[in-house]
Structures are given as structure tokens and as C-alpha cells.
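One letter stands for each residue in the lines below.
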Amino acid sequence: MQSVLPPILNTLQHALEKLPGIGPRSALRIVQALLKRPEWLKEILKTLQEVELSIYPCPQCGFWAEKPQALCTICANPARDVPILCIVKDPVDVLAIEKSQAFQGHYHVLGGVLDPLAGVQEKDLRLRELWQRLRTRSYEEVLIALGTSPEAETTAYYIARQLADWPGKVTRFVSGIPVGSELEYIDPLTLSRSIRERQPISL
Ligand SMILES: [Zn+2]
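Computed from a predicted model, the values in this text were never measured in an experiment.

Undergrad: How would you sum up the packing of aromatic side chains? Please name residues and give values.
TA: Between two aromatic rings, the relevant description is the distance of the centres plus the angle of the planes. In this structure the tally under the stated criterion is two aromatic pairs. When the ring of F63 is compared with that of W64, the centres are 5.4 Å apart and the planes differ by 35°; the resulting orientation is tilted. W64 sits in the partly exposed class, given a relative accessible area of 44%.

If you want it as C-alpha cells, here you go:
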């Protein structure tokens, strides 16, 4: 069936469908909302341009920072001096743990988890930066908080094995995260308990 939509709106709908959680129907509803409220369209357009020009990965942890080569607000905060490095998959996981208010150390955003079927290998993750950080900074503990998907589990054990000779503790969550879950869906209270009850990972 030929689409009755003007081609550019078709293109916009398909572009929106690429975003997580947006199917064809919600993409079309967003298109409609943007055309009904031109001020929203302008605001989103302007903000997206600003984001493109001003947001960079923090050179230390990989979270979002506001200038190229500038530290993010977490890495730049001298009050965060607890010598624990928490390894997470994505920036949204940093936000989830921050909401729990139960962690005062630093983060390391891997940018994904090992997933050979999807073609994600060691070199695709920020692992080299991780080993470098652990060599040059005096952390006493690495908390692996990658979620509980099979790929996340594999990655956690891979990291723990690589750190077998590292003098600090390597820990993980043992409670509160249902099997197959991502950190971002866990409520702050549960997450704070998971952090408190973390245990050394056993190989
Ligand atoms: Zn940072």
C-alpha cells in the first residue's frame, strides 16, 4: 500500500522508530504532536543541536561531560573519594545508581557488554581504559554492576578473571536484581540495598 504521508514525514517516522521503546504507532504520534505544537519542534531541534555540539564522553569514566576532554561532574567532584570503582554498562546505569544515593565512589562506563553473537568484542568496550585506571589509581575495590543478562554475567566473569591478580576486592550485587534485568529498571531503594549487600565475586 502506498503511504499517504508526505515522504519527509515518512522519513521522520522511520528515524524515530530507531529509538529505543518507540514503535511505528508511537513514532507517528510523536510526528503528529510535533506538527501540532511547532514550539515543541523548535525546542527539540535547538536542544538536539546543542547536545550534538556540547556533550562528550568523560575521558576518565565515559559518562557524559559538557566539553571535549573535560571531566564529568562525578569525576571532577573531590568529595567523591571512596576508593571503589563501579563498572556499569551505560550512562543511564550511572544515573540509576546515583538515584540510590548509596554510592560515593567513581564509575567506569564500559559502553556495552561482551556479546559475540551481536559482534561486541573486548576491543569494542572501554576495557583498556579500565585496566589503565586500575594501574594508575589506588582503588581498593571494583564493583561490577552490569545487570543480570547472560551477556552481562559473561562480561562480569571475564573482568573478574582479568583482575585475578589485582590486589583489591572484586565484588558484585547478589540481591535485588532479577535475572535478565537491567539496572535502570531497578528502584533506588532496592538498588541501595543491593549496593550495601554486595559480595566478592567467586570465580
Ligand atoms: Zn567521569
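Undergrad: Please set out the pattern of salt bridges residue by residue, giving values where relevant.
TA: Evaluation of the coordinates by the stated rule reveals eight salt bridges. Of the charged contacts, one joins R37 and E39 as a salt bridge, the two residues approaching to 2.7 Å between their closest N and O atoms. By relative accessible area, which is 42% here, E39 ends up partly exposed. The salt bridge partner of D124 is K123, with a shortest N-O separation of 3.3 Å.

Undergrad: Tell me about unusual backbone geometry, residues and numbers included.
TA: Although it is not a glycine, Q69 sits at a positive phi angle of roughly 65°. For Q101, which is not a glycine, the phi torsion comes out positive at approximately 55°. With respect to the helices, strands and loops of the structure, Q101 is situated in the loop between α4 (91-100) and β4 (106-109).

Undergrad: Give a detailed account of the sheet that holds strand β7 (residues 199-200), specifying residues and quantitative values.
TA: If you trace the five strands from one edge of the open sheet to the other, you get β4-β3-β5-β6-β7, paired in mixed fashion. Pairing within the sheet leaves two strands with one partner each, and these edge strands are β4 and β7. Pairing of strand β6 (residues 169-172) with β7, which is carried by two bridges, proceeds in the antiparallel orientation. The residue bridging R172 from the neighbouring strand is Q199, located in β7. Sitting on the sheet, α4 touches β3 (84-88) and β4, and the angle it makes with β4 is about 155°. Against the sheet, helix α5 (residues 127-136) contacts β3, β4 and β5 (141-144), and its axis sits at roughly 155° relative to β4.

Undergrad: Which residues make up the coordination of the zinc ion, and what values go with them?
TA: For the zinc ion, the full set of protein donor atoms is C58 (SG), C61 (SG), C72 (SG) and C75 (SG), at a range of 2.3 Å. If you look at the zinc ion, its four donor atoms make angles of 102 to 116° with each other, and the shape they trace is tetrahedral. The sequence pattern formed by the donor residues of the zinc ion is C-x2-C-x10-C-x2-C. In this pair, C58 is assigned in the loop between β1 (56-57) and β2 (64-65) and C72 in the loop between β2 and β3, connecting sequence segments 14 residues apart. C72 shares its class with C58; the two are buried.

Undergrad: Explain the layout of surface pockets residue by residue, including any values.
TA: Considering only enclosed or pocket space, the largest pocket measures out at about 240 Å³ in volume. Forming the boundary of the largest pocket are L12, A15, L16, L19, I30, L34, L41, I44, L45 and L48. Mapped by element, the contributors of at least two residues to the lining of the largest pocket are α1 (7-17), α2 (24-36) and α3 (38-54). Broken down by element, the lining of the largest pocket gets its largest block of residues, four residues, from α3. When grouped by side-chain class, the residues that make up the lining of the largest pocket number ten nonpolar, no polar and no charged.

Calculation criteria
Residues numbered from 1 in each chain as written. Predicted model: local features only at pLDDT ≥ 70, side-chain atom pairs only at ≥ 80, totals over all residues. Heavy atoms only, no water. Phe/Tyr/Trp six-rings, centres within 6.5 Å; stacked < 30°, edge-to-face > 60°. Buried < 20%, exposed > 50% of the residue type's maximum accessible area, 1.4 Å probe, protein only. Salt bridge = Lys/Arg side-chain N within 4 Å of Asp/Glu carboxyl O. Helix = DSSP H or I, 4+ residues; strand = E, 2+ residues; numbered from the N terminus. Pairing = 2+ DSSP bridges. Contact = heavy atoms within 4.5 Å. Axes fitted to C-alpha atoms, helices over the stretch in contact; angles between N-to-C directions. Donors = N, O, S within 2.8 Å, 3.2 Å for Na, K, Ca; no water. Tetrahedral: all angles 85-135°; square planar, octahedral: opposite > 155°, others 65-115°. 1 Å grid on protein atoms, 1.4 Å probe; cavity = no way out; pocket = protein on both sides within 12 Å on 5 of 7 lines; lining within 4 Å. Points joined across faces, edges and corners; volume = space filled by probe spheres on them. Nonpolar A, V, L, I, M, F, W, Y, C, P; charged D, E, K, R; others polar.

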